[in-house]
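A structural walkthrough
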Amino acid sequence: MQRQHGGRAPRRGAGAPRLLARGTLVRARPDLGRRPVKDLSLADLRLAYGSVTALDGVSLEIAPGELVALVGPSGCGKSSLLAAAAGLVDLDGGRVSIGGRDVTGLEPGERNVSVVFQGLALYPTMSAARNVTFGMRMRGVPRAEAQARLIEAARLLRIEDILDRRPAQLSGGQRQRVAIARALVRDPDAFLFDEPLSSLDAALRADLRDEIRRVHARTQACALYVTHDQAEAMALGDRLAVMRAGRILQVGTPREVYNRPQTAFVAGFVGAPRMNLVPARLVAEAGVPALELGDHRLPLPGYAWSEPPEPGRPVVLGLRAEDIGRPRLGSHSLGAMRVVSLEPTGADTLARLAWGEAAIVARLERDPGVGAGDLVEIAADLSRASLFCPRTERRL
Ligand SMILES: Nc1ncnc2c1ncn2[C@@H]1O[C@H](COP(=O)(O)OP(=O)(O)OP(=O)(O)O)[C@@H](O)[C@H]1O
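Here the structure is a predicted model, which means the values were calculated and not measured.

1. Regarding the pattern of salt bridges
Following the criterion strictly, the structure yields 22 salt bridges and no others. Residue Glu211 is joined to Arg158 by a salt bridge in which the shortest nitrogen-to-oxygen separation is 3.1 Å. With Glu211 in helix H6 (residues 202-219) and Arg158 in the loop between helix H4 (143-156) and helix H5 (172-185), this pair connects stretches of sequence that are 53 residues apart. When its relative accessible area of 3% is taken as the criterion, Glu211 is described as buried. For Arg158, a relative accessible area of 53% corresponds to the exposed category.

What follows is the structure in structure tokens.
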């Protein structure tokens, strides 16, 4: 297993390779793809390692066929949540159910879940084909059926040509494909992915991301996908769950979380570059709520307030880089700003700009025609703004 969940004793017999190899209690399922699909429900999960709280009352529902991508900074409890769903740790509280069946007290092999870890060990002396079929053989799946499932998984993951090779004769990406095929042939009720692609290079990650999406869509099993890469989470997840310090802060479609982050933390974590967060003050201008930033007054006529706006209160203004740029129809002038530095991304240019005391990042054209030190007129699309309370960090 990649990480040690052993400060407290891991469950008896736990550990991913063994989990996948064992599984003697899982029966063969000849009705592959036709049995009822199941949901995964994690309710009020609590887990502490000594004085460290890893899960602080986490609840998450994953619908049949849905893939939820779990993101959050290092140490926030992502792997602990996945381990809890897999049955690799003993929880201090809460309930894990799959398809309505309470599995909280069950061993990993009794849950019919497939776990794919980063760098998951394949058996070095076995061919790729045997690595994929080994677990099925141990569970007594008839040879012909095991072969049929192998062929189907190999086709889906495009590994037909390398089935005879041993792991040492495979590239990292091929090994990971074999590991996913091995998880797939279990025909699980739930897939649990823990950073399965993080050891691979960017192009390969993008390829395998597509494979995972395709394979998952084909199975209709629910999936929890842990990653620290928010771009991967946005690309893969039907929904995103953003975690911090043992809690889930927000769950929503990638678009919802990106456009309407519920806290300043989520705003800063999801999206690259990070959302610009600038201190301001709320005022009323001719009865319309507005922001006061230095000499500027920015009207917010269409803002969807979560609570009634209270003039005079300090706020934090959140603006995405792509909502800041040259003045255009419908945007509101922020005045002239000094270019501090430029970073071409290829498709466009990220410009770091000095705005009074604050530094903000704007997305300018591919060839912006300005250099560091220049003054540029900048405007923002305020209909896209987010506002947060500086004290609670919650969206206003
Ligand atoms: N076996 C263990 N013993 C003690 N503390 C642990 C153990 N495993 C995890 N922790 C602690 O629990 C917290 C959550 O860890 P977890 O691995 O779940 O986080 P994570 O979000 O997956 O982190 P990363 O992205 O770095 O993998 C961290 O503070 C971590 O140090």
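2. Concerning helix H3 (residues 128-138)
Among the eleven residues that make up H3, eight are buried, leaving the element largely enclosed by the rest of the structure. Once H3 ends, the next one or two residues include Gly140, with phi positive near 80 degrees.

3. Quick look at the packing of aromatic side chains
The tally for this structure, following the rule as stated, stands at five aromatic pairs. Note on Phe191 and Phe193: the rings are 5.6 Å apart at their centroids and 15 degrees apart in plane angle, and the pair reads as stacked. Pair check on accessibility: Phe191 and Phe193 agree, each one buried. A centroid spacing of 5.4 Å and a plane angle of 45 degrees characterise the contact between Phe193 and Tyr225, whose relative ring orientation is tilted. Here Phe193, found in strand E7 (residues 190-194), pairs with Tyr225, found in strand E8 (residues 222-226); they are 32 residues apart in sequence, far enough to count as distant. A relative accessible area of 0% means that Tyr225 is categorised as buried. Each member of the aromatic cluster is reached from another via a ring pair, and the members are Phe191, Phe193 and Tyr225. Positioned above the aromatic ring of Tyr258, the side-chain terminus of Arg320 is 3.8 Å from the ring centre.

4. Description of the sheet that holds E7
Read across the sheet, six strands follow the order E6-E7-E8-E3-E9-E10 without closing on themselves; strand pairing throughout is mixed. The outermost strands of the open sheet, each flanked by one partner alone, are strand E6 (113-117) and strand E10 (247-252). Adjacent strand axes in the sheet meet at a mean angle of 15 degrees, parallel and antiparallel pairs treated alike. By the bridge criterion, four bridges tie strand E3 (residues 67-71) to strand E9 (residues 239-244) in an arrangement that is parallel. Paired with Leu70 across the bridge in E9 is Ala241. Strands E6 and E7 of the sheet are contacted by H5, whose axis makes an angle of about 170 degrees with E6.

5. Here's the deal with the packing of H3 against H4
At a minimum axis separation of 10 Å, H3 and H4 run at an interaxial angle of 135 degrees. Relative to H4, the element H3 lies oblique. Judged by the sense of rotation from one axis to the other, the crossing of H3 with H4 is right-handed. Taking contact as the criterion, the partners of Ala129, Val132, Thr133, Met136 and Arg137 in H3 are, on H4, Arg143, Ala146, Arg149 and Leu150. Each residue belonging to the contact of H3 with H4 can be placed in one class, and the counts come to five nonpolar, one polar and three charged.

6. Regarding the environment of Asp189
By the element assignment, Asp189 lies in the loop between H5 and E7. In this structure, the C-alpha to C-alpha distance between Asp189 and Val270, residues 81 residues apart in sequence, is 29 Å.

7. Description of the domain arrangement of the chain
As assigned here, the chain comprises domain 1 (40-263) and domain 2 (268-388). The centre of domain 1, based on its C-alpha atoms, is set 38 Å off from the matching centre of domain 2. It is Gln230, Tyr258 and Pro261 that lose the most area in domain 1 upon contact with domain 2, and together they represent 52% of the buried surface on that side. Counting residues per element, the ones that place at least two in the side of domain 1 that touches domain 2 are helix H7 (230-236), E9 and helix H8 (254-259). Element by element, the count of residues in the side of domain 1 that touches domain 2 is highest for H8, at three residues. For the side of domain 1 that touches domain 2, the per-class residue count stands at eight nonpolar, six polar and one charged.

8. Things to note about the pairing of strand E14 (residues 314-319)
Burial analysis of E14 places five of its six residues in the buried class, the great majority of the element. Sheet topology places strand E11 (residues 276-285) next to E14; six bridges connect them, and they run antiparallel. Paired with Pro279 across the strands is Val316, a residue of E14. Bridge count between E14 and strand E20 (residues 386-388): three bridges; the pairing is antiparallel. Within E20, the position partnered with Gly318 by the bridge is Ser386.

9. Some points on H4
Over its 14 residues, H4 extends 20 Å from the first C-alpha to the last, a length consistent with the 20 Å expected when each residue adds 1.5 Å. For H4, the full list of buried residues reads Glu145, Ala146, Arg149, Leu150, Glu152, Ala153, Ala154 and Leu156. As for H4, its buried residues are in contact with H3, H5 and H6. Downstream of H4 by a residue or two, Arg158 has a phi angle that is positive, lying close to 55 degrees.

10. Observations regarding the packing of H3 against H5
At a minimum axis distance of 9 Å, the contact between H3 and H5 shows a crossing angle of 25 degrees. One element, H3, and the other, H5, form an angle in the roughly parallel class. Our pair here, H3 against H5, has a crossing hand that is right-handed. Each of Ala128, Asn131, Val132 and Met136 in H3 lies in contact with H5, whose residues at this interface are Val178, Ala181, Arg182 and Val185. Here the contact of H3 with H5 is composed, by residue class, of six nonpolar, one polar and one charged.

What counts, and at which threshold
- Residues numbered from 1 in each chain as written.
- Predicted model: local features only at pLDDT ≥ 70, side-chain atom pairs only at ≥ 80, totals over all residues.
- Heavy atoms only, no water.
- Salt bridge = Lys/Arg side-chain N within 4 Å of Asp/Glu carboxyl O.
- Helix = DSSP H or I, 4+ residues; strand = E, 2+ residues; numbered from the N terminus.
- Buried < 20%, exposed > 50% of the residue type's maximum accessible area, 1.4 Å probe, protein only.
- Phe/Tyr/Trp six-rings, centres within 6.5 Å; stacked < 30°, edge-to-face > 60°.
- Lys NZ or Arg CZ within 6 Å of the ring centre and 35° of its normal.
- Pairing = 2+ DSSP bridges.
- Axes fitted to C-alpha atoms, helices over the stretch in contact; angles between N-to-C directions.
- Contact = heavy atoms within 4.5 Å.
- Parallel < 35°, antiparallel > 145°, perpendicular 65-115°, else oblique.
- Left-handed = near helix turned anticlockwise from the far one by under 90°.
- Nonpolar A, V, L, I, M, F, W, Y, C, P; charged D, E, K, R; others polar.
- Domains from an automatic or database assignment.
- Buried area = accessible area lost by both parts, 1.4 Å probe.
- Expected span 1.5 Å × (residues − 1).

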